[in-house]
Amino acid sequence: MPNIKELAKRESRFVSGHRLCAGCGAGIVMRQVLLAIDKPVIASCATGCVEVASTIFPYSSWKIPWIHSAFENSAATISGIEAAYKVFKREGKINKEIVFVGFGGDGGTYDIGFQALSGAAERGHNVLYVCYNNQAYMNTGIQRSGASPKFSHTTTSPVGKVIPGKVQWQKNLVDIMVAHGIPYAATAIPGRWNDLVNKVEKAVKIEGFKFIDILSPCRLGWPHESELTMEISRLAVETCIWPLYEVVEGKYKLSYKPKEKKPVAEWFKLQGRFKHLLLPENSNLLEEIQKEVDRRWEELLKKCES
Amino acid sequence: MGIKVAKTANEAFAEGMRQINPDVVAAYPITPATEIVQIFSQFVADGLVKTEFIQVESEHSAMSACIGASAAGARAMTGTSSQGLAFMWEMLYIASGLRLPIIMAVVNRALSSPINIHCDHSDTFGARDSGWIQIYSENVQETYDNLIQGVRIAEHPEVKLPCMIMTDGFILSHCLETLEMLTDQEVQEFIGVPPERENLIKSAIENKPITIGALDLQDYYFERKRQQAEGMKNALKIIPEIGKEFGDKFGRYYGFVEDYKLEDADIGIVVIGSTAGTAKEVVDNLRKKGVKAGLLKIRILRPLPVEDIKNSLKNLKVVGVMDRVEGMNAFCGPLYSEITACLYDLDKKPLLTNFVYGLGGRDVKIEDIETIFNELITVLEKGKKDFTLKYIGVRE
Ligand SMILES: Cc1ncc(C[n+]2csc(CCOP(=O)(O)OP(=O)(O)O)c2C)c(N)n1
Ligand code: SF4
Ligand SMILES: [Mg+2]
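Just so it is clear, the structure is predicted and the values come from calculations on it, not from any experiment.

(A) Molecular detail of the interface of chain A and chain B. The interface of chain A with chain B comprises 42 residues on the first partner and 42 residues on the second. With both chains or domains summed, chain A and chain B bury close to 3,200 Å², and 65% of this area falls on carbon and sulfur atoms. Between chain A and chain B we count three salt bridges in total. Of the charged contacts in the structure, one is a salt bridge between B:Glu57 and A:Arg123, with a shortest N-O distance of 2.9 Å. Between chain A and chain B we count 14 residue pairs in polar contact (both at pLDDT 80 or more) in total. For the side of chain A that touches chain B, the elements supplying multiple residues, two or more each, are helix 3 (49–54), strand 2 (66–67), helix 4 (74–90) and helix 6 (114–123) of chain A. If you tally residues by element for the side of chain A that touches chain B, the top one is helix 4 of chain A, at twelve residues.

(B) Here's a closer look at the pairing of strand 6 (residues 133–136) of chain B. Residue and element names in this part refer to chain B. Burial along strand 6 is two-sided: the residues Ile 133 and Ile 135 and Gln 134 and Tyr 136 are all buried. As defined by bridge partners, strand 6 adjoins strand 7 (residues 163–168) across four bridges and the pair is classed as parallel. Bridge assignment links Ile 133 to a residue of strand 7, and that residue is Cys 163. Where the polypeptide runs from strand 6 across helix 7 (residues 140–155) and back to strand 7, its parallel neighbour, the crossover connection is right-handed. Here strand 6 pairs with strand 13 (residues 300–302) via two bridges, running antiparallel.

(C) The arrangement of the site of ligand 1 in detail. Taken together, 18 residues lie near ligand 1, and A:Gly107, A:Gly108, A:Tyr132, A:Met138 and A:Asn139 sit nearest. One finds residues of chains A and B in close proximity to ligand 1. At 3.0 Å, a side-chain N or O of A:Asn134 approaches an oxygen atom of ligand 1. Separating an oxygen atom of ligand 1 from a backbone N or O atom of A:Asn139 is a distance of 2.8 Å. Notes on ligand 1: free accessible area 580 Å², of which the protein chains cover 78%. With three residues, helix 5 (residues 106–111) of chain A is the largest single contributor of residues to the shell around ligand 1. Looking at the shell around ligand 1 residue by residue, the class counts come to seven nonpolar, eight polar and three charged.

(D) Quick peek at the site of ligand 2. Taken together, A:Leu20, A:Cys21, A:Cys24, A:Cys49, A:Asn134, A:Cys218, A:Arg219 and A:Leu220 are the residues near ligand 2. Of the residues belonging to the shell around ligand 2, the class tally is six nonpolar, one polar and one charged.

(E) Quick look at unusual backbone geometry. Across the junction of A:Phe57 and A:Pro58, the peptide omega takes the value 5°, indicating a cis bond. Cis peptide bonds are those with omega within 30 degrees of zero, and the linkage from B:Arg302 to B:Pro303 qualifies with -5°. Mapping B:Pro303 onto the fold places it in the loop between strand 13 and helix 12 (306–313). Of note, the phi angle at A:Glu249 is positive, near 50°, even though the residue is not glycine. Examined against the element boundaries, A:Glu249 turns out to sit in the loop between strand 7 (245–248) and strand 8 (251–254). Unusually for a residue other than glycine, B:Asn21 sits at a positive phi of about 55°. Position of B:Asn21 among the secondary structure elements: in the loop between helix 1 (9–20) and strand 2 (24–27).

(F) Structural view of the sheet that holds strand 3 (residues 99–105) of chain A. Taken in spatial order, the nine strands line up as 8(A)-7(A)-5(A)-6(A)-4(A)-3(A)-1(A)-2(A)-9(B) in an open sheet, and their pairing is mixed. Each end of this open sheet is capped by a strand with a single partner; those strands are strand 8 of chain A together with strand 9 (211–212) of chain B. Where strand 5 (residues 184–188) of chain A lies against strand 6 (residues 209–215) of chain A, five bridges are found, and the strand directions are parallel. If you follow A:Ala186 over to strand 6 of chain A, its bridge partner there is A:Ile212. Taken strand by strand, helix 8 (residues 193–205) of chain A contacts strand 3, strand 4 (127–133), strand 5, strand 6 and strand 7 of chain A, and its axis lies near 165° from that of strand 5 of chain A.

(G) Representation of the coordination of the magnesium ion (ligand 3) within the structure. Residue and element names in this part refer to chain A. Looking at the magnesium ion (ligand 3), the protein donor atoms are Asp 106 (OD), Asn 134 (OD1) and Ala 136 (O), and they sit 1.9 to 2.1 Å from it. One chain supplies every donor to the magnesium ion (ligand 3), and in sequence these donors are spaced D-x27-N-x1-A. Taken as a pair, Asp 106 in helix 5 and Ala 136 in the loop between strand 4 and helix 7 (173–178) lie far apart in primary sequence, 30 residues in all. Judged on exposure class, the residue Asp 106 and its partner Ala 136 are both buried.

(H) A look at the domain arrangement of chain B. All names here are of chain B. Domain annotation for chain B reports domain 1 (3–250) and domain 2 (257–392). One C-alpha centre belongs to domain 1, the other to domain 2, and the line joining them spans 28 Å. Carbon and sulfur atoms supply 59% of the area that domain 1 and domain 2 bury against each other, a total of about 2,100 Å² over both sides. Here domain 1 is connected to domain 2 by five salt bridges. As a salt-bridge pair, Glu 338 and Arg 128 come within 3.1 Å of each other at their nearest N and O atoms. Viewed at the interface, domain 2 and domain 1 are joined by 18 residue pairs in polar contact (both at pLDDT 80 or more). Of all the elements in the fold, those that place two or more residues in the side of domain 1 that touches domain 2 are helix 6 (122–125), strand 6, helix 7 and helix 10 (221–250). The residue makeup of the side of domain 1 that touches domain 2, split by class, is 13 nonpolar, eight polar and six charged.

Reading the values: rules and limits
- Residues numbered from 1 in each chain as written.
- Chains lettered and ligands numbered in written order.
- Predicted model: local features only at pLDDT ≥ 70, side-chain atom pairs only at ≥ 80, totals over all residues.
- Heavy atoms only, no water.
- Contact = heavy atoms within 4.5 Å.
- Buried area = accessible area lost by both parts, 1.4 Å probe.
- Salt bridge = Lys/Arg side-chain N within 4 Å of Asp/Glu carboxyl O.
- Polar contact = N/O pair within 3.5 Å; in protein donor to acceptor, adjacent residues only side chain to side chain.
- Helix = DSSP H or I, 4+ residues; strand = E, 2+ residues; numbered from the N terminus.
- Buried < 20%, exposed > 50% of the residue type's maximum accessible area, 1.4 Å probe, protein only.
- Pairing = 2+ DSSP bridges.
- Right-handed = clockwise from strand over helix to strand, strands pointing away.
- Near = heavy atom within 4 Å.
- Areas by Shrake-Rupley, 256 points an atom, 1.4 Å probe, with all protein chains shown as cover.
- Nonpolar A, V, L, I, M, F, W, Y, C, P; charged D, E, K, R; others polar.
- Axes fitted to C-alpha atoms, helices over the stretch in contact; angles between N-to-C directions.
- Donors = N, O, S within 2.8 Å, 3.2 Å for Na, K, Ca; no water.
- Domains from an automatic or database assignment.

Below, the structure is given as structure tokens:
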């Protein structure tokens, strides 16, 4: 893997000028993913914050061939592009190697785009799919998604007098993708760029459908101080709320083990959407989350051991 | 030279696709269009085509994958019907907005609910404002010829719009007719190499990044749509050129519409698809009886060939527009609206009536068409109409 100096020398292929919020994690994720690939890349991107903020005509932040067509079909769109490439290559019309990347937010991946994602994975297109996961529909104003954490406040799962935010747990999409039998799946965060770059680099070398779920802090929707983006992503790992791991050919491997597991409240403390969980009268809710995070963490450790 | 074979419209579509030999096909099964992809799958399995065939998990993804492939520079095709087309609705507008010359074989079938698998035109009429070229076929031969011409029309640099080619579900899709097929070489020569377009793969190879599908707000959206509308307008010029070239080469000429015994007609019907065949027989019978009857068949609905429609109908006294769609506007069918709009500017215009028929595959018999002509004769005799819309063949 390239060291940070080498990476810094690479041309950035997601460039400034976009209108993502100051401190938005998604822009960092885009840049890191593309930096990790030192080959020509074609990407598709789902409707959402990244698409809307990066391609306001006549401007574009993308120094790669890039397409947006709709919200729920990034995986299907990139399938078609990859198919076109295959036939051109077979016909001898091109010989250059091209890497195909599909981007989608958590809404465009976990929810409305899930069918297209599942189909593309099942068909085994040679594509890396990256979910920049800010855990809600941010572009439309912070609505809940299947990736929003339990008890988080969103504008469609608001904290109220009788309901304390979103009542369901987020789905475990990495496991679901692993169940498709894909050769590579992983989680990542922008705050551990070396791990993220490593994973992308590894994934694009593998033939077939690859999936990486990247936690992407959203200073507007979570909300948090804009200078805390990287730290907050690391704290999600340190609290074991967002463990870093990869699954190669079905085999789970922990990428990083916190030296000392921090209480979930440490993560909640920095974000407005969990504010209510820190009130004394809600200590039972906080406890419930801690318990389940602990349980999931143990379960993951077991998977990684076996 | 062509070879005469017996084929259904589905088979004709599939054979045409084989001869076109597209780079990418992404499709999903639905009755009565399923056979097209089944037959085509076999062509792929037998190595008869170079095509990369994507067996997608839905029509939405079929059109999305075609969009990706076409944006990557591929000649991309799909086929569908009814619910499948409805499911693609969002992507139809995106395909045309991105100016991608995707080709789609559509087998017309009624829309749910109630669920029904038989022919009417509600599916593609629902897509008539989606920015796609729309070509309708009367029989198996036209289905095949239209498909081949569709490629040239869609890809023409002045047009650059997707194109759907229609055939009537079951009535044509499953009906054996004589088809004069072109040779593979003739098809290849006619469609030629696709004109060069900016595309993602070219962009990657040349390292010249392009962004497709950017956000156009108040400042650019309108211009983009205006340009797209110009492409549709250009198709008005290109379609007859290609129809003539096809005729010069293969002996079958195609325009926007087909006039049948309209020259001196007093009364006439406007019709789309296979019903034209039945109706021509009725016209012949009426002519034998001395009734000056005629028929106008619409082959191209998008772009709307206003001048041709005007010219064909301007001298008629009474016209009956046959809609195989219910407009659900408590007034008239959609084709009636279109025809009325075409004729409105004429100083002297025919009396216009509307007949909704054949929904959900309800059989259209000679007697039904005769009923329509009898209505037209009554209006002609009275010199005025006392209805706009009548339903034909329904129990009320
Ligand atoms: C079919 C469809 N439904 C709804 C929308 C409205 N919409 C646009 S972006 C978006 C949310 C995007 O959420 P996510 O995928 O998580 O990306 P984010 O904005 O959070 O980056 C929604 C609901 C749409 N564009 N298309
Ligand atoms: S709303 Fe959130 S995800 Fe969207 S641009 Fe702002 S910080 Fe980024
Ligand atoms: Mg989101």
